[in-house]
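One letter stands for each residue in the lines below.
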Amino acid sequence: MRFQVREKIFSFGDDFTIKDEMGNDFFIVKGKVFSLGDKLQLFDMNGEEIFYIEQKLLRMLPEYTIFRKGNPVALVKKKIAFFGSKFNIESENGYYDIDGRPFNYNFSIMKNGNIVATVSKEFFSFSDTYGVDVNDNEDYGFIIALVIVIDQIIHDNHNH
C-alpha cells in the first residue's frame, strides 16, 4: 500500500491528512509543536487515535516514543554517525533499521533484516510530498508514525 506524506509534518502544527496513492484520505494527523518537545497524534478516518508520538526532552540526540492506546510501543533514537543518519528503533514488533539516505527521502525501513517499507520522493512529483510504500502484512499506521519521527529527527538535526 502506498501513502502520500507531506514533508516536515511537525513544522506545520495543524491538522492534515495522509492520503493513499489514489488521493483518498487514510489517516488524520494532529500536531502540537511546543518549545518543550513535539507531540503528534495519528487518527484513522473514524477519528480513533491509533498512535501518539512524543519527543523526549533533554536528550543529547533526538529521541521519540510512539504510543498505542497509552502504552509505549516503540522508541526511536538518533545515533551518532559520521556520515548520514543512523537510528536505533526498538519496538514491540521487533528491531527496525533504516537503510539508505533519509535526508533525501530515499530509504528503506527494515524489520529484523527484511524490507517492510520504502520511502521515496520519486513516487510523487509534488515538491513537498513523498511516498511511503508499506508491505501489506505490516501495520500501516505504525510505519507511517515511524516515518514521521524519522522525518522530524532529520529536519531537527539540520535546523540546529
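Residues numbered from 1 in each chain as written. Predicted model: local features only at pLDDT ≥ 70, side-chain atom pairs only at ≥ 80, totals over all residues. Heavy atoms only, no water.

Undergrad: I tried to follow the nonpolar core on my own but got confused; where do I start?
TA: As a rule of thumb, soluble globular proteins bury nonpolar side chains together. Core analysis: the largest hydrophobic core is formed by 40 residues, its most contacted members being Ile66, Ile109 and Ile143. Here this core takes 12 residues from helix α1 (residues 140-159), the largest share from any one element. Ignoring anything within four residues of it in the chain, the contact list for Ile66 reads Phe51, Tyr52, Ile53, Asn71, Pro72, Val73, Ala74, Val76, Phe142, Ala145, Leu146 and Val149. (Core = buried A, V, L, I, M, F, W, Y, C linked by side-chain atoms within 4.5 Å. Buried < 20%, exposed > 50% of the residue type's maximum accessible area, 1.4 Å probe, protein only. Helix = DSSP H or I, 4+ residues; strand = E, 2+ residues; numbered from the N terminus. Contact = heavy atoms within 4.5 Å.)

Undergrad: What exactly am I supposed to notice about the pattern of salt bridges here?
TA: A side chain with one charge may pair with a side chain of the opposite charge, provided their charged atoms come close. In the structure shown here, the tally under the stated rule is six salt bridges. We note a salt bridge from Arg68 to Glu92, for which the minimum N-O separation is 3.5 Å. Of this pair, Arg68 sits in strand β6 (residues 63-68) while Glu92 sits in the loop between β8 (86-91) and β9 (94-101), and the two are 24 residues apart along the sequence. Classification of Arg68 as partly exposed rests on a relative accessible area of 25%. (Salt bridge = Lys/Arg side-chain N within 4 Å of Asp/Glu carboxyl O.)

Undergrad: Would you take a moment to explain the pairing of β6 for this structure?
TA: Each regular strand carries side chains that alternate between the two faces of the sheet. The element β6 is extensively covered by neighbouring structure, given that five of its six residues are classed as buried. Here strand β5 (residues 49-55) runs beside β6; their pairing, made up of four bridges, is antiparallel. Bridge assignment links Glu54 to a residue of β6, and that residue is Thr65. By the bridge criterion, six bridges tie β6 to strand β7 (residues 71-79) in an arrangement that is antiparallel. Considered in β7, the bridge of Tyr64 is made with Val76. (Pairing = 2+ DSSP bridges.)

Undergrad: What is the right way to look at the side chain of Glu138 in this model?
TA: With respect to the secondary-structure elements, Glu138 resides in the loop between β12 (129-134) and α1. Apart from residues lying up to four places away in sequence, Glu138 is in contact with Tyr96, Lys111, Val116 and Ile143.

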